[in-house]
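Chain by chain, the residues:
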Amino acid sequence: MGRRTHSFLIDFTGVILVGLAISMITLGNTIENWFSVSSAFQNLNTIFLSILIEAVPFVLIGVLIAGFIQIFITEEHIQKWIPKNKFLAVTMSCVVGAAFPACECGIVPIVRRLIAKGVPIYAGIGFLLTGPLINPIVIFSTYMAFGNDFKIAAMRMILGFAIAMIIALIISLFVKGNQLKPSALHANANTNKEHHKQKFSQKIWGMLTHSVDEFFDMVKYLIIGAFLAAAVQVYVSSETLLGIGTGVVSSTLVMMGLAYVLSLCSEADAFIGASFRNLFPTTAIMGFLIYGPMIDLKNTFMMLSVFKARFVFFFVALVTIVVLSVLILVQGIL
Amino acid sequence: MIFHFQQALRAYILIAFTVFLWHLHYSGEITKYINPKYEMISHIGAVIFLLLFIVQVGRIWTKKHEHNEHCHHDHNHDHGNTPFNLKKLVSYAIVIFPLATGYLLPAKTLDASIAAKKGTMLVLSGKAQEVSNQQANLPDVIETPPVESDNTTQIDPELNNVDEYNNENIPPIDDNVQDPNAYSNTVSEEKYNEMISELENSSVIEMTAQNYSAFYEIINRDLSQYIGKTIKFKGFVYKEDGFTSNQLVLGQFLVTHCVADASIVGFLSEFDEASSIDVDTWVQAEGIIELGSYNGVEMPIVKVNNWKVIGEPDQPYLYSLYTN
């Protein structure tokens, strides 16, 4: 029972698993013809898988970064970097988020790891809000979708940044503690001390195994969110939703609701937003463009994997209220 | 040696995702889910899955008294070593679900039923209305060059760089031949300008997979310039309750990133046999663009004079045209 048997067993099991996975393809092709499902469910399944295929690479990159933070960044680093002053900490987190080209799926595991490492909740939320909203790809796609009009793209960034600041500041005043679910809180001080003693190759190994665990913690919530978002697209007509509102407030709420249930990637939602431009005032379109990247159905589920449910519901309500009230206040300049 | 079933299951799920993604790439099915422009990022995803699989395989067998990694404290993060129970069964079932439906169910091209949920006529008529609103409000912003003549505009050699025009003749695009550029859908700035000047100057507009998104935007924006021109285009048949018997929409989905963000583009078309064609049939049509209205909203309507039923194209979706 030496090292050789161990590595042989590992190689052998690995080969078997690869073989099993590949044989699924042929098996799938055979079984495919055994039964049929309704065309609506096939549409649903196609949209569901497309959201997953689109999101999964970003989630994987997110869990790798989270694994990296877990192993290589210590709580002392974090304490050195984050300003003590709440306002400064919120500003810094929003600016870092804006400079960090993340999308809403990839950012959740990163924020979770940062908060577990001692980043205050309000700074983590600031980062979570601006990360997906303000980045070069989003600016570019918004610019293109609105007929090469820079005004909408600029308003989206500026207003989005201001709204993120307000939300993070409110959280800094009213929310105590880190709000992580107990199972998500496992970066304790002794792991860090231990990591210092490890060799670099062990650290890399630790980073990757952490990434695997993080992925399995998170992916089931992503799957549920993606499935519900796909179901909404297949079974709910957007005309019903559009029939609800005509005034500025109600139409803004309708567009925010649409952004929430569609759960589009912030890099791709501008084209959908633009297609409603004629039906609703700019305020409502702005609601769609700013609210969607901050919170949506898919992300609510991903956040539930990280934060206490009470905090997630408080967060969704807070984002909704702040986005709506800011947009109503500034509607004159839109 | 101790065999850890859950670690093995996790390893299997990771390799199954890798194989699933690569299978989609090699069979070409991936284009039924995402814009090929983003294929690289999904390859990267598959490589990360493979890497995580290799790491995970090392955790399946442990020596008898080996500690599981650094796990000697009492935190309850799930490393996959705690006993298997019903809650876990549900979790793993959720993760396996997309793999199962991905392998078992064929990818479906989005059809008219999805178009209906997306509010096709609101979107199409809105497109035209928004432009007329803009023109009414901001007349000086839109630089509309004076319309020289209505339908038979001749190519004015002075307008174009003559050299460019002679050196690079665009071959006529046959609709049955797959446009090689359509999959990446990126053209040079030069080629783009050439395509646009061709659109502005010729009396027959040929919509292809490559130029559709760009031309559609321009035609709707400067509609008055394109009224009376002939247009050749294709799409699947979509019908709505408010249509008259000779009306249908020939539409296509424009995909930005993945099919979940598909938006509908197309033209309301009129011809006598429209009522006899079933929804979701693909039709190649040729007709004249006219200014019509639907539900009181002014919008382009194509009076079709020539049409034929075609099969669903290999590449049923449109992608935005980018220049490099």
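An account of the accompanying structure is given in this report. Model, not experiment: these values are computed from the prediction.

Once that is clear, we can look at the overall build of chain A. What chain A contains, in helices and strands, is 16 helices and zero strands. The buried share of chain A, taken over its 334 residues, is 60%. Within chain A, residue pairs in contact and separated by at least 24 positions form 86% of the contacts whose partners lie at least 6 positions apart. Of the roughly 12,900 Å² that chain A leaves accessible, carbon and sulfur atoms contribute 71%.

So, about the packing of aromatic side chains. This structure, assessed with the given rule, holds 25 aromatic pairs over all chains. Seen in terms of ring centroids, F215(A) and F49(B) are 5.4 Å apart; in terms of plane orientation they differ by 85°. Their pairing is edge-to-face. Within this pair, whereas F215(A) is found in helix α10 (residues 200-235), its partner F49(B) is found in helix α2 (residues 39-57), the two belonging to separate chains. A ring pair is formed by F307(A) and F311(A), whose centres lie 5.3 Å apart and whose planes are at 55°; its orientation type is tilted. Just as F307(A) is buried, F311(A) falls in that class too. Among the aromatic side chains, those forming a connected cluster through ring pairs are F215(A), F216(A), F17(B), F49(B) and Y92(B).

Attention now goes to empty space enclosed by the protein. One pass over the structure, following the stated rule, counts six cavities of 30 Å³ or more. There is about 260 Å³ of room inside the largest cavity. Forming the walls of the largest cavity are 22 residues, and the residues nearest its centre are S238(A), L262(A), F276(A), K117(B) and K118(B). Of all elements in the fold, only α10, α11 (238-242) and α12 (248-262) of chain A together with α4 (112-117) and β7 (263-270) of chain B reach the threshold of two or more residues within the lining of the largest cavity. The element that contributes the greatest number of residues to the lining of the largest cavity is α12(A), accounting for three residues. Residues that form the lining of the largest cavity fall into these classes: 14 nonpolar, five polar and three charged. Approximately 70 Å³ is the volume attributed to the second largest cavity.

Calculation criteria
Position labels on residues start from 1 in each chain and follow its written sequence. Whichever chain is written first is A, and whichever ligand is written first is 1; the rest continue in order. Totals for whole chains, interfaces and linings use all residues, but because this is a predicted model, local features are given only for residues with pLDDT of at least 70 and pairs of side-chain atoms are given and counted only at 80 or more. Values reported for side chains reflect all heavy atoms of the structure, with hydrogen atoms and water molecules removed beforehand. Here a helix means four or more residues in a row that DSSP labels H or I, a strand means two or more in a row labelled E, and each is numbered from the N terminus. The cut-offs for exposure are 20% and 50% of the maximum accessible area for each residue type, with area from a 1.4 Å probe on protein chains only; residues under the lower value are buried, those over the upper are exposed, and the others partly exposed. Note on contacts: a residue pair qualifies if any of its non-hydrogen atoms lie within 4.5 Å across the two residues. All accessibility values rest on the Shrake-Rupley procedure with a 1.4 Å probe; residue burial counts only the protein chains present in the view. Between the rings of Phe, Tyr and Trp (Trp by its six-membered ring), a pair exists once the centres lie within 6.5 Å; its type follows the angle of the planes, with under 30 degrees stacked, over 60 edge-to-face, and the other angles tilted. Detection works on a 1 Å grid of protein atoms alone, calling trapped sets that fit a 1.4 Å probe cavities and calling open sets with protein on both sides within 12 Å along at least five of seven lines pockets, with lining residues defined by an atom within 4 Å of a point. Grid points are joined across faces, edges and corners, and a volume is the space filled by probe spheres set on the points. Classification used: nonpolar for Ala, Val, Leu, Ile, Met, Phe, Trp, Tyr, Cys and Pro, charged for Asp, Glu, Lys and Arg, polar for all others including Gly.

These values are about where atoms sit, not about what they do.
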